[in-house]
Amino acid sequence: MSLVRQGDRSRPRPRTHDLDAVVVGAGGAGLYAALELKRDLGPEARIGVISKLYPTRSHTGAAQGGVCAALGNTEEDNWEWHWFDTVKGGDYLVDQDAAEVMCHDAVETVINLEHLGLPFNRTPEGLIDQRRFGGHTRNFGEGPVRRACYAADRTGHHILQTLYEQCIRHDVLFYDEYQVLDLAMPAGADGRVNGVIALQLSSGEVHSFRAKAVLFATGGFGKIFKVTSNAHTLTGDGVAIAYRRGLPLEDMEFFQFHPTGMYKLGFLLSEAMRGEGGFLVNGKGERFMERYAPTMKDLASRDVVSRSIYQEIAAGRGIDGKDFVHLDVRHLGAKVLNEKLPDMSGFIRTYFGIEPLTDLVPIQPTAHYAMGGIPTDIDGRVLADESGRLVPGFFAAGECACVSVHGANRLGTNSLLDILVFGRRAGIAMAEEVRRAHTPEPDTAAEASVTAALDELLARTEGERPAVIREELQETMFTKCGVYRSSALLMQAWGEVDDLRVRAQQLVVQDKGKRYNTDLGEALELLFLLDCAEALVASAVARTESRGAHAREDYPDRDDVNWLKHTFAFRWSDGAPPRLAYRPATITRFEPKPRTY
Ligand SMILES: Cc1cc2nc3c(=O)[nH]c(=O)nc-3n(C[C@H](O)[C@H](O)[C@H](O)COP(=O)(O)OP(=O)(O)OC[C@H]3O[C@@H](n4cnc5c(N)ncnc54)[C@H](O)[C@@H]3O)c2cc1C
């Protein structure tokens, strides 16, 4: 079932809110954009943030290890080394002009955050302390460098609190617990986006928000996988809505698996544990990363470490021959574990019932981060197609967007940086748009269509429960579209996702109530997940090479001649496979080279 379809136009119109700009999503990207909009447009501007979660529950709050910037506070560093590491980490699919902006602006961004009130850890001299993270090197790859600025292992929590406080201080309007279900794109407005249609979770009523500029900052979609570090709410809503509206999704085939998920649970044990000196060992007690990445070892990029773990397991060197290895942090000592990694140590004690000071910790790669998403330029403006044409009034930032600064594989700590740099830039560009644009027209067709689709879903009395289909989807994606892929597995995944999409047209929601109907929410989110999965699998089938997080057993090599380009996947029409188009990666400074760590 799609929410974009003809509705019953005879219904009363939903309650309407007139704003200057609407930001959908209250994570780091959305909050920074809202703050900039308000600072730029002044106290009279009506800037609204819509969030399906209470803002400080957004997933940014779960980010642990740090945000990187070449401050050089604890050892020599240079923003150009960071730029190179980002491009190399992304296996050269990164748009180098965008990564240049991000790495250059990182230093100012982190200092701004500190001025906004973020309590970073300090060096004995009182500077912002920095620690090591995977793939971050000195002097273009000579060895690891301390580049991650951190607040214990609660960096994201502090970013979220700091930005939320600032938004409240600047009178940003918050619409908490509203789930956006569609974009307003009235016919005859040249494809302009001028609002959103949302479900108020507390009342079950549909609301219409009209604005001169709209930002999607709705986060990732890790919940398509069975084992994931992502929260239950990361269901790709914004990504799927854009796709349903005929807009492209870029590089969806690149989904990062983080090496150190807690075995079977998927919860993340931050790379900061290896950054502080932890290392991986196999069933024979060997520090196996020395074989795969002689220079960076356990701090090689995440795709490399995750594949190495799988190779150890495939060679029978998992722990007791099983599908996991160990993380050893015993030697870090109580001071480091309790003061610099308190949450991680707590997770290990709580969820495994073991003591990280004395026990080895079972880990396996966990689905973690979407490199792909809604394509944008460096100011968050959404691209309508592979030629770079823009969608008027529409912006995206954060994990739901693809700038593309992460290419085929993101470096740790570059996501918090991405949401801050590009969230802020999107806010500034939106302010310009608000000054230029006219008062928006309502999209009555979209309003009616959302209402009718919700009514239809609630009225159905027979069909399949969302949880059954979601579990099958997660199993399919994890086992057939995970760390290693092949044509055979991907084709199976494609067929299975297709079947699930057909079955999902007859979803049944047992709770027929209006207030906080989580059963309905699960159904809506499943439909979003299925759209994301479709675009991901179709893009992965077509890319006949191995690059970054997309590792194909049948095409083990990177193929720069044919594949140094971004995938753009378009929803064709209900039932037809997505249409794929391509756009060359932007190379400005670093020529692609073989990638070793
Ligand atoms: C466990 C974990 C640890 C991490 N640690 C780090 C780290 O140390 N460093 C780093 O750089 N990166 C880290 N990351 C990645 C990083 O945290 C995320 O990529 C980033 O925070 C995403 O921010 P965002 O603003 O794009 O979205 P989010 O913070 O996920 O916010 C999404 C927002 O969108 C809203 N929303 C979604 N759908 C709708 C809808 N339909 N209607 C209305 N609102 C909606 C949600 O309510 C929420 O407010 C980590 C990720 C995880 C999972």
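All values derive from a computational prediction rather than experimental measurement.

## So, the overall build of the protein
On a plain count of helices and strands, the protein comes out with 16 helices and 24 strands. Expected size for 597 residues packed as a compact globule is a radius of gyration near 25 Å; at 23 Å, the protein falls within 12% of this value. With 597 residues in all, the protein has 58% of them scored as buried. When contacts within the protein are restricted to residue pairs at least 6 apart in sequence, long-range pairs at least 24 apart make up 77% of them.

## Thoughts on unusual backbone geometry
Residue Ser-404 follows Val-403 across a cis peptide bond; omega there is 5 degrees. For Ser-404, the location among the structural elements is in the loop between strand 20 (401–402) and helix 11 (414–436). With a phi close to 55 degrees, Phe-140 is a non-glycine residue in the positive phi region. Tracing the chain through its elements places Phe-140 in the loop between strand 5 (130–138) and strand 6 (143–149).

## A short note on the site of the ligand
Taken together, 41 residues lie near the ligand, and Gly-25, Gly-27, His-59, Gly-219 and Gly-398 sit nearest. Elements that contribute at least two residues to the shell around the ligand include exactly helix 1 (28–41), strand 3 (47–51), helix 4 (155–169), strand 8 (178–183), helix 5 (237–244) and helix 11. Tallying contributions element by element places helix 11 first for the shell around the ligand, with four residues.

## Quick word on the environment of Ala-397
Along the chain, the position of Ala-397 falls in the loop between strand 19 (390–396) and strand 20. For the pair formed by Ala-397 and Phe-216, sequence separation is 181 residues and the distance between their alpha carbons is 6.5 Å. Leaving out residues up to four positions away in the same chain, Ala-397 has contacts with Ala-29, Ala-33, Leu-215, Ala-217, Gly-380, Ile-419, Phe-422, Gly-423 and Ala-426.

## Focus: the pairing of strand 3
Two faces belong to every sheet, and in a regular strand the side chains alternate between them. Of all five residues in strand 3, five are buried, a share of seventy percent or more. Of the pairings in the sheet, the one linking strand 2 (residues 21–24) to strand 3 comprises four bridges and is parallel in character. Its bridge partner being in strand 3, Val-24 is matched across the sheet by Ile-50. In this fold, strand 2 hands off to helix 1, which returns the chain to strand 3; that crossover is right-handed.

## Points about the packing of helix 13 (residues 466–480) against helix 15 (residues 518–542)
In contact at an axis separation of 10 Å, helix 13 and helix 15 are set at 25 degrees when each is read in the N-to-C sense. Overall, the two elements helix 13 and helix 15 adopt an arrangement that is roughly parallel. Like other packed secondary-structure pairs, helix 13 and helix 15 cross with a definite hand, here left-handed. Between helix 13, through Pro-466, Ala-467, Ile-469, Arg-470, Leu-473 and Met-477, and helix 15, the contact on the second element is made entirely by Glu-522, Ala-523, Leu-526, Leu-529, Leu-530 and Ala-533. A breakdown of the residues in the contact of helix 13 with helix 15 according to their chemical character gives ten nonpolar, no polar and two charged.

## Structural notes on the confidence of the model for the protein
Averaged over all residues, the pLDDT of the protein equals 95, while 98% of them reach at least 70. Note on residues 4–10: pLDDT is under 50 here. Beyond four places in sequence and across chains, it has 16 contacts.

## Considerations on helix 8 (residues 302–314)
Taking 1.5 Å per residue as the helical rise, helix 8 with its 13 residues ought to reach 18 Å, and the 18 Å between its terminal C-alpha atoms agrees with that figure. A large share of helix 8 lies buried, amounting to eleven of its 13 residues. Within helix 8, burial applies to Arg-302, Asp-303, Val-304, Val-305, Ser-306, Arg-307, Ser-308, Ile-309, Tyr-310, Glu-312 and Ile-313. Just past helix 8, the residue Gly-316 takes up positive phi, approximately 80 degrees.

## Side note on the domain arrangement of the protein
Looking at the assigned domains, one finds that the protein contains domain 1 (16–254 + 371–445), domain 2 (258–366) and domain 3 (446–555). Its C-alpha centre places domain 2 at a distance of 31 Å from the equivalent point of domain 3. Broken down by element, the residue count for the side of domain 2 that touches domain 3 peaks at four residues, all from helix 8. Residues that form the side of domain 2 that touches domain 3 fall into these classes: two nonpolar, one polar and two charged.

## Observations concerning the environment of Thr-235
Tracing the backbone through its elements, the reader meets Thr-235 in the loop between strand 11 (213–216) and helix 5. Its 28 C-beta neighbours within 10 Å are what place Thr-235 among the buried residues. Dropping the residues within four chain positions of it, Thr-235 is found in contact with Phe-221, Lys-223, Glu-525, Phe-528 and Leu-529.

## Quick look at the packing of helix 5 against helix 15
Between helix 5 and helix 15, the least distance of the axes is 8 Å, while the angle of their chain directions is 70 degrees. By the angle class used here, helix 5 and helix 15 are roughly perpendicular. In the packing of helix 5 onto helix 15, the handedness of the crossing is left-handed. Residues Asp-237, Val-239, Ala-240, Tyr-243 and Arg-244 of helix 5 touch helix 15, and the partners they reach there are Phe-528, Asp-531, Cys-532 and Ala-535. When its residues are assigned to classes, the contact of helix 5 with helix 15 shows six nonpolar, no polar and three charged.

## Details of helix 1
Helix length check: helix 1, at 14 residues, gives a terminal C-alpha distance of 20 Å against a target of 20 Å (1.5 Å per residue), a fit within 8%. Along helix 1, the residues that are buried comprise Gly-28, Ala-29, Gly-30, Leu-31, Tyr-32, Ala-33, Ala-34, Leu-35, Glu-36, Leu-37 and Lys-38. For helix 1, the secondary structure elements touched by its buried residues are strand 2, strand 3, helix 4, strand 11 and helix 11. Gly-42 sits one or two residues past helix 1 and shows a positive phi near 90 degrees.

## Considering the pairing of strand 16 (residues 361–370)
For strand 16, the buried fraction is high: nine of the ten residues fall into the buried class. Alignment of strand 13 (residues 255–262) against strand 16, held across six bridges, turns out to be antiparallel. Residue pairing for strand 16: His-258 is matched across the bridge by Thr-366. Sheet analysis places strand 15 (residues 325–328) next to strand 16, joined by three bridges and oriented antiparallel. Paired with Leu-327 across the bridge in strand 16 is Val-361.

## Considering the sheet that holds strand 15
As summarised here, the arrangement of the four strands in space is 13-16-15-14, forming an open sheet in which the pairing is antiparallel. Two strands close off the open sheet at either side, each with one partner strand: strand 13 and strand 14 (279–281). Strand-to-strand twist in this sheet, taken as the mean axis angle between neighbours without regard to direction, amounts to 50 degrees. Strands in contact with helix 8 are strand 13, strand 15 and strand 16; relative to strand 13, the strand with the most contacts, it is inclined by about 60 degrees.

Criteria and cut-off values
- Residues numbered from 1 in each chain as written.
- Predicted model: local features only at pLDDT ≥ 70, side-chain atom pairs only at ≥ 80, totals over all residues.
- Helix = DSSP H or I, 4+ residues; strand = E, 2+ residues; numbered from the N terminus.
- Rg over C-alpha atoms; globule rule 2.2 N^0.38 Å.
- Buried ≥ 20, exposed ≤ 12 C-beta atoms within 10 Å, placed from the backbone.
- Contact = placed C-beta atoms within 7 Å.
- Near = placed C-beta within 6 Å.
- Pairing = 2+ DSSP bridges.
- Right-handed = clockwise from strand over helix to strand, strands pointing away.
- Axes fitted to C-alpha atoms, helices over the stretch in contact; angles between N-to-C directions.
- Parallel < 35°, antiparallel > 145°, perpendicular 65-115°, else oblique.
- Left-handed = near helix turned anticlockwise from the far one by under 90°.
- Nonpolar A, V, L, I, M, F, W, Y, C, P; charged D, E, K, R; others polar.
- pLDDT = per-residue confidence, 0-100.
- Expected span 1.5 Å × (residues − 1).
- Domains from an automatic or database assignment.

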